[in-house]
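Listed below are the residues making up each chain.
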Amino acid sequence: MTTEFLALSAILFTIGCVGVLTRRNAIVVFMCVELMLNACNLAFVTFARQHGNLDGQVAAFFVMVVAAAEVVVGLAIIMTIFRTRRSASVDDASLLKY
Amino acid sequence: MTTTAAFLPALAEGSGTVPVIHPTEADGVLSLLWLVIALPALGAAVILLAGNARTKPWAHLLGTGTVLGSFVLSLLAFFALMGRDEAERTVTQHLWTWVEAGSFTADAGLLYDPLSALFLLLITGVGGLIHVYSIGYMEHDERRPRFFGYLNLFVASMLVLVLADNYLGVFLGWEGVGLASYLLIGFWQHKPSAAVAAKKAFVVNRVGDIGMALGTMLAFATFGTTAFVGISAATEQAGQGTMTALGLLFLLAACGKSAQVPLQSWLLDAMEGPTPVSALIHAATMVTAGVYLVVRSNFIYEYTEVAQTAVVIVGAVTLLWGAVIGCAKDDIKKALAGSTMSQIGYMMLAAGLGVYGYAFAIFHLLTHGFFKANMFLGAGSVMHAMDDDVDMRRYGALQKAVPVTFLTFAMGYLAIIGFPGFSGFWSKDKIIETAFAESGLIAGLAALLGAGVTAFYMTRVMLMTFFGKKRWEKGVHPHESPSVMTVPLMVLAALSVLGGLFLLGDWITDWLTPVVGETGHHELAVSPLVITLVITATVAVGVAIAWFTVGKADIPRTAPANVSFVTRAARADLYGDALNESLLMRPGDRFVGDLVTFDDRGVDGFVSGTGSAFAGMSGRFRRIQTGYVRSYALSVLLGAALVLGALLVVNLA
């Protein structure tokens, strides 16, 4: 079973990764980040089950808490950017550069 | 204590004649020795710290008073020393521990012996007279208080120089008089020529001071002490090479301070200073410090024939060098400066002759201090009368206009040429005689020739200034100086006449015996009387030549241009400056120029090259920061992949 769970975790992570790199819409990018985090969670839980202890599960809870906090801050930023620029494209917000 | 002594053969010869200094502790009036230095030092501090304006009404009185106070103390100390037994005439006073660093200690201590005693009297006595004279001479100068402050500073430094009981103390005084000399030569600093002359004197003296500093260091490295007492007791442990090096280093120092060839070039320019300065510093006292150093270091020179010979050569060359320059100068002060150089050459010559010569070097130093100070002050009085004109071609027939100056100057003149009976006659005669007996024909003949040339140029000065026709500028009305100036002249004139009394019953040689050692009797090929007659005849020839070439002829008011090569060379100070310039100054200039180029191109090029390389690199690298968040995400991913890959490679390998 472990192999299948890890394979699913890897597939989910890759989808999230490609999404972050290719999509312009900030909301979608954000969702892809969530996908990557949850792929990681899946891997943690799988390994916890494999080893028969709770370390991985504890780590998964930490990731969830951090992800929740991240969503709060991240969505607020995206909201503000959208209000000022009338766009949620990550490529439009490229003023901070050389 | 000494490492060099082990490798070099110890010295044996001459060890019996050099006295080892065994001082006794100062008591009675001699325990006031420190006050001799402290008085003028206090005067200088008060005047210079309180400033020109605040001290104006009384600075000259304070300055003169402190020096005269020192003179009284010096006299008392002198008589106290005379009252002691000959073996106890060396007195020390320990003041405080000056430097203490590891194995090196130097005490601030005083050494008062017959040699210092004579110097003390000369410095404070002649110095006091010159202070009195300066009251009148500088009367109309706005900065007279400062002048007296500097003069006091000089006197204090000079007293430190001759009273110190170790080379480090001598060095302190040595630098102090150098500083005072610099300040006073450039006293009228609004004149560019004076400022330049002061700088020149300072720089040339620096060369000599290197000798003094290195000599002191070598003495410490060899003997473990810089005190005269310690060194004179340990001389026999040092090697010949060390002694020669010490002798030559101190000779270099003496050349700088005493304006001896090859460091002579500054003295003629130093005449830019006020005339009392020329009289006190550049004739009577400071420039004789070199002679003092050689005589004081007799416990070194007695063990090194090479250095002694070098001293004789320097003395002989300089006495002719200065005399030749003196012959061609039209500036009265420069003619006298050439003469000073020449007379100090006589002293150096005598000091290089060893135990027979030291006493006569000091004897001539004293008489020269009298008559040269007298003549410089006389020249100042003449300048005072002639509206500060120094060109003798515009003098003439002044004997009626300034009778006191004329008479006192004449006493100095007769003394310097060695007119029988006058002080210079006795001292110069002894030097020439000793040169013939101790050094052989060449030095003796040089000294004899020098006496003839001296007679020529001094007669020329005398004739051009006081005799002949009036060649005055329009509107000049010569008048005699006030008595505050003429009284010191009279005292110095009397001393110029009577200075020979020091030789009465060989007093001066006996007096200096505790310092320089017992002099035996030297054998002369001919009797001293014959030598005296030859000298007097040479002097007469010199006077006669001057009478026929200068006295009889009309003196043109501008210097004739079509003159012999020798005259042209003498007018240009025998090309001393040209020599310095082409041998030292120009190559130095080029060397420094090359260094600047190297610094600009090489060092700066490397440093700023590195800087601009980094600037260029960072200019490229910053392009990576595009502002696109997705490209950052890509680089994060690549970085993570890289780390992961590296971990895998390490773990699998």
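Thresholds, definitions, all that
Residues numbered from 1 in each chain as written. Chains lettered and ligands numbered in written order. Predicted model: local features only at pLDDT ≥ 70, side-chain atom pairs only at ≥ 80, totals over all residues. Helix = DSSP H or I, 4+ residues; strand = E, 2+ residues; numbered from the N terminus. Buried ≥ 20, exposed ≤ 12 C-beta atoms within 10 Å, placed from the backbone. Contact = placed C-beta atoms within 7 Å. Rg over C-alpha atoms; globule rule 2.2 N^0.38 Å. Expected span 1.5 Å × (residues − 1). Core = buried A, V, L, I, M, F, W, Y, C linked by C-beta atoms within 7 Å. Nonpolar A, V, L, I, M, F, W, Y, C, P; charged D, E, K, R; others polar. Pairing = 2+ DSSP bridges. Axes fitted to C-alpha atoms, helices over the stretch in contact; angles between N-to-C directions. Parallel < 35°, antiparallel > 145°, perpendicular 65-115°, else oblique.

Engineer: Any chance you could explain the overall build of chain B here in plain terms?
Structural biologist: Within chain B, the regular secondary structure consists of 26 helices and three strands. Considering only C-alpha atoms, chain B reaches an extent of 115 × 65 × 55 Å along its principal axes. Classification of the 653 residues of chain B by burial places 53% in the buried group. Restricting to contacts in chain B with at least 6 residues of sequence separation, those with at least 24 account for 82%.

Engineer: Help me out: how do you make sense of the overall build of chain A in this one?
Structural biologist: Counting its secondary structure elements, chain A contains three helices and zero strands. Its helices and strands taken in sequence order, chain A reads α-α-α from the N to the C terminus. Computed over its C-alpha atoms, the radius of gyration of chain A comes to 16 Å, more than 25% above the 13 Å expected for a compact globule of 98 residues. If one aligns the C-alpha atoms of chain A with their principal axes, the spans along those axes are about 50 × 25 × 25 Å.

Engineer: Looking at this structure, I do not really get helix H2 (residues 26-51) of chain A. What am I missing?
Structural biologist: Every α-helix carries 3.6 residues per turn, so stepping three or four residues along brings you back to the same face. All names here are of chain A. Between its first and last C-alpha atoms H2 spans 38 Å; for 26 residues at 1.5 Å apiece the expected length is 38 Å, and the two agree. For H2, the set of buried residues is Ala26, Val29, Phe30, Cys32, Ala39, Asn41, Ala43, Phe44 and Thr46. For H2, the secondary structure elements touched by its buried residues are helix H1 (2-22) and helix H3 (55-85). Gly52 occupies a position one or two residues after H2 and carries a positive phi of about 75 degrees.

Engineer: Explain the nonpolar core to me, please; I cannot follow it from the model alone.
Structural biologist: Considering soluble globular proteins, one finds that nonpolar side chains tend to be buried as a cluster. In terms of nonpolar packing, the biggest core is built from 214 residues, with Leu159, Leu349, Ile362, Ala373 and Ala447 of chain B touching the most fellow members. With 17 residues, the top contributor of residues to this core is helix H17 (residues 358-385) of chain B. Core analysis: the second largest hydrophobic core is formed by six residues, Val20, Ala26, Phe30 and Cys32 of chain A among them.

Engineer: Would you take a moment to explain the interface of chain B and chain A for this structure?
Structural biologist: Frequently, the measure chosen for interface size is the accessible area removed from exposure when the parts meet. Listed per partner, the contact involves 11 residues of chain B and 10 residues of chain A. Its residues assigned to classes, the side of chain B that touches chain A shows five nonpolar, three polar and three charged.

Engineer: Could you clarify how one ought to interpret the sheet that holds strand S2 (residues 91-101) of chain B in this entry?
Structural biologist: Adjacent strands of a sheet form backbone hydrogen bonds with each other and so pair up, either parallel or antiparallel. All names here are of chain B. The mixed open sheet is built from three strands, whose spatial order is S1-S2-S3. Pairing within the sheet leaves two strands with one partner each, and these edge strands are strand S1 (24-25) and strand S3 (104-112). Here two bridges tie S1 to S2, and the two strands are oriented parallel to one another. Residue pairing for S2: Thr24 is matched across the bridge by Val91.

Engineer: Would you mind showing me how to read the environment of Leu48 of chain B here?
Structural biologist: By secondary structure assignment, the location of Leu48 of chain B is in helix H2 (residues 33-50). Measuring from C-alpha to C-alpha, the distance between Leu48 of chain B and Phe148 of chain B comes to 9.0 Å, with 100 residues separating the pair along the chain.

Engineer: Looking at this structure, I do not really get the pairing of S2 of chain B. What am I missing?
Structural biologist: If a strand is regular, its side chains alternate between the two faces of the sheet. All names here are of chain B. Sheet topology note: the S2/S3 ladder contains nine bridges and is antiparallel. Each residue of the ladder has a partner; that of Thr92, found in S3, is Leu111. As consecutive antiparallel partners, S2 and S3 are separated by two residues, and within that stretch Gly102 has a phi angle of approximately 60 degrees, a positive value.

Engineer: Teacher, can you tell me more about helix H10 (residues 240-257) of chain B here?
Structural biologist: With 18 residues, H10 of chain B extends 26 Å between its outermost C-alpha atoms, agreeing within 8% with the 26 Å of an ideal straight helix rising 1.5 Å per residue. Residue Ala259 of chain B follows H10 of chain B closely and has a positive phi angle near 55 degrees.

Engineer: Would you mind showing me how to read unusual backbone geometry here?
Structural biologist: Note: most peptide bonds trans; most residues except glycine with negative phi. All names here are of chain B. Here the bond from Val261 into Pro262 is cis, since omega is 10 degrees, no more than 30 degrees from zero. Structurally, Pro262 can be placed in the loop between H10 and helix H11 (266-269). Residue Asp506 is not a glycine yet carries a positive backbone phi of 55 degrees. Tracing the backbone shows Asp506 in the loop between helix H21 (483-498) and helix H22 (507-516). Residue class for Asp506 comes out exposed when judged on the 12 C-beta atoms lying within 10 Å of it. A positive phi is found at Leu574, a non-glycine position, where the angle reads about 55 degrees. Mapping Leu574 onto the fold places it in the loop between helix H24 (565-571) and helix H25 (576-621).

Engineer: Which parts of the structure should I look at to understand the packing of helix H7 (residues 167-185) of chain B against helix H8 (residues 192-223) of chain B?
Structural biologist: The axes of two packed helices give the description: the angle between them and the distance between them. Residue and element names in this part refer to chain B. With their axes 9 Å apart at the nearest point, H7 and H8 run at an angle of 175 degrees to one another. Considering the angle they form, H7 stands roughly antiparallel to H8. Contacts between H7 and H8 pair Tyr167, Leu168, Phe171, Trp174, Glu175, Gly178, Ser181, Tyr182 and Ile185 from the former with Ala194, Ala197, Ala198, Ala201, Phe202, Asn205, Asp209, Met212, Ala213, Thr216 and Ala219 from the latter.

Engineer: I'm lost on the environment of Val592 of chain B in this one. Help?
Structural biologist: All names here are of chain B. Along the chain, Val592 turns up in helix H25. Judged by local crowding, Val592 falls into the exposed class, with 10 C-beta atoms found within 10 Å. As a C-alpha pair, Val592 and Gly576 span 16 residues in sequence and 23 Å in three-dimensional space.

Engineer: I would appreciate a short explanation of the environment of Gly290 of chain B in the present structure.
Structural biologist: Residue and element names in this part refer to chain B. Here Gly290 shows up in helix H13 (residues 289-296). Along the chain, Gly290 and Phe250 lie 40 residues apart, while their C-alpha atoms are 8.4 Å from each other. Not counting residues up to four positions away in its chain, the partners in contact with Gly290 are Ala254, Cys255, Lys257, Ser258, Gln260 and Met348.

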